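# Results of the structural survey
For reference, the chains in residue letters:
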2 protein chains.
Amino acid sequence: MQSEQEILRQYLKENGLRRTPEREHILQEIFATHEHFDVDELYLRLCQKGVKISKASIYRALRLFLDCGLIREVDFSDGHWHFEHIYGHNQHAHLRCLGCGEIVEFEDPNLTLLQGQLGRDYHYQIVSCHLEVKGYCATCGKTREKSL
Amino acid sequence: MQSEQEILRQYLKENGLRRTPEREHILQEIFATHEHFDVDELYLRLCQKGVKISKASIYRALRLFLDCGLIREVDFSDGHWHFEHIYGHNQHAHLRCLGCGEIVEFEDPNLTLLQGQLGRDYHYQIVSCHLEVKGYCATCGKTREKSL
DNA sequence: AAATTATTGCAACCGAGTCGCAATAAAGAT
DNA sequence: ATCTTTATTGCGACTCGGTTGCAATAATTT
């Protein structure tokens, strides 16, 4: 099992791209936690650690990481991009509270089954599978009931 | 079973909002097909039918239709919003080809089951459930194999 | 060490979506 | 029917996430 750094370096070499400290800093920061992140958060975290880097470079690096399959987009329908790193993560989906924004990650074995089934039924080679469920958590649900 | 027009009118009345020809034109155009759409497409279709309307009003109307549950967002991760009308549509998910852009809609009874289960497990009141699967269709998959 | 060229940071730019405002027009009251 | 109230419209200006052109920098190859 390769580390994410090794995967990146291999991808760079195979595509005639260059290994730079910026890219490695960004990658390291992404894999420092298992949280979802967006560009601003990532930028802030890097600044706080004293890493000087421009947002443009972060955007460019993220596109690169998407291409080599180290991260993936997560849709929170709030008008900007969110990401999560994939490597070492299991297939999982999100349950998000429309009230407080809490995010529950859950795994569903059926999802894996469904992927295989879809692939066969429609002769598709599946690349990604995103399940985003929205609703109200117990607390927010109760608050809502009162105000309706 | 009410028509979508009736649902809209009821919602407007209940919320002290007004019934306008613009809103009804937009709604009618949305339900004229069962296709997904984005703002530009919708705007174009309305223009072609001789309906004079501004994009700002379309954006505002769509937010309204989202609120009253007549349409929902679909995430194609291409940087802008897509929608589909819900009313009269069954719960369904999308399988999209990353090569040619073909979109297959499919229904999965397991999704409905999963919703109920999630609601119970996490004490969530589920509002929406989006499954977006991406991959390569048979044709594009073959083309890709050759070029790799 | 020199040559080549990918990458960076900056700032200008792009475009989807929003918003303030004056003009218009629904809906209810008289 | 007319008046009053106020939601809605269209316009254009604006916001802001994300992209891009370019000159300077720096990673790799020879």
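See the structure printed just above.
To start, this report covers the structure provided alongside it. Along each chain, the written sequence defines residue order, and numbers are assigned to residues from 1. As they are written, the chains are lettered A onward and the ligands numbered 1 onward, keeping that order. For this predicted model, a pLDDT threshold of at least 70 governs which residues receive local features, and a threshold of 80 or more governs which side-chain atom pairs are given and counted, while totals over whole chains, interfaces and linings are taken from all residues. Hydrogen atoms and water are omitted, and side-chain values are computed over all heavy atoms in the structure.

Time to look at the state of the cysteines. Residues and elements named next belong to chain A. Any cysteine sulfur atom paired with another within 2.5 Å is treated as part of a disulfide. Scanning all chains against the criterion turns up zero disulfides over all chains. Note on cysteine 100: no disulfide assigned, nearest cysteine sulfur contributed by cysteine 97 at a separation of 3.7 Å. Sulfur of cysteine 137: no disulfide; nearest cysteine sulfur belongs to cysteine 140 and is 3.7 Å away.

Time to look at the protein's contact with DNA strand C. Neighbouring residues are identified by heavy atoms, a residue being near a molecule or strand if any of them is within 4 Å of it. Around DNA strand C, the structure places 19 residues, and the nearest of them are Arg23(A), Ser57(A), Arg60(A), Tyr59(B) and Trp81(B). Near the protein, meaning within 4 Å, the atoms of DNA strand C are sugar or phosphate in a fraction of 68%, with bases accounting for the rest. What qualifies as a polar contact is a pair of N or O atoms within 3.5 Å, subject to a donor-acceptor requirement within protein and to the restriction that residues adjacent in sequence count only when both atoms come from side chains. Measuring from a base oxygen of DNA strand C, one finds a side-chain N or O atom of Arg18(A) at 2.9 Å. Within the backbone of Arg19(B), an N or O atom sits 3.3 Å from a phosphate oxygen of DNA strand C. Think of it this way: any DSSP run of H or I at least four residues long counts as a helix, any run of E at least two long counts as a strand, and we number them from the N terminus. Listing elements by their share of the surface near DNA strand C, those giving two or more residues are helix H2 (21–31) and helix H4 (55–67) of chain A together with helix H4 (55–67) of chain B. Residues of the surface near DNA strand C, tallied by class, amount to six nonpolar, five polar and eight charged. Ten residue types, Ala, Val, Leu, Ile, Met, Phe, Trp, Tyr, Cys and Pro, are classed as nonpolar, four, Asp, Glu, Lys and Arg, as charged, and the remainder, Gly among them, as polar.

This part takes up the side chain of Lys134(A). Considering the arrangement of structural elements, one finds Lys134(A) in strand E5 (residues 125–136). No salt bridge is formed by the buried Lys134(A), whose closest oppositely charged neighbour, Asp75(A), lies at an N-O distance of 5.1 Å. Separated by 3.1 Å, the side chains of Lys134(A) and Ser77(A) make a polar contact. In this description, contact between two residues means that some pair of their heavy atoms is separated by no more than 4.5 Å. Discounting chain neighbours no more than four positions away, the residues touching Lys134(A) are Ser77(A), Arg96(A), Leu98(A), Ile126(B), Val127(B) and Ser128(B). Each residue gets one of three labels from its accessible area relative to the maximum for its type: buried under 20%, exposed over 50%, partly exposed in between, using a 1.4 Å probe on protein chains only. The sign given to each residue is positive for Lys and Arg and negative for Asp and Glu; His and the chain ends receive no count. Here a salt bridge means any side-chain nitrogen of Lys or Arg lying within 4 Å of a carboxyl oxygen belonging to Asp or Glu.

What follows deals with the relation of the copies chain A and chain B. Expressed as a screw operation, the relation of chain A to chain B combines 0.1 Å of axial shift with a rotation of 180°, fitting to an RMSD of 0.2 Å. One copy is carried onto the other by what is essentially a two-fold rotation axis. By C-alpha distance to the rotation axis, the residue of chain A lying nearest is Leu131(A), at 2.2 Å. A least-squares fit on C-alpha atoms brings the copies together, and the residues used are those whose pLDDT is at least 70 in both copies.

This paragraph deals with the interface of chain A and chain B. By convention, interface size is frequently given as the accessible area that disappears when the constituent parts associate. With 34 residues of chain A at the contact, the number on the chain B side is 34 residues. Regarding the contact of chain A and chain B, the summed buried area is about 2,800 Å², with carbon and sulfur atoms giving 61% of it. What counts as buried area is the accessible surface, traced by a 1.4 Å probe, that two parts surrender upon association, with contributions from both included. The three residues of chain A that bury the most area against chain B are Leu95(A), Tyr124(A) and Gln125(A), which together make up 21% of that side's buried surface. The interface formed by chain A and chain B contains zero salt bridges. Counting across the chain A and chain B interface gives twelve residue pairs in polar contact (both at pLDDT 80 or more). Those elements that provide at least two residues to the side of chain A that touches chain B are strand E3 (93–97), strand E4 (103–106), helix H5 (109–122), E5 and helix H6 (138–147) of chain A. A pair of strands is labelled paired if DSSP reports no fewer than 2 bridges between them. The pairing of E5(A) with strand E5 (residues 125–136) of chain B spans eleven bridges and is antiparallel. Looking at the pairing, Val133(A) lines up with Cys129(B) of E5(B).

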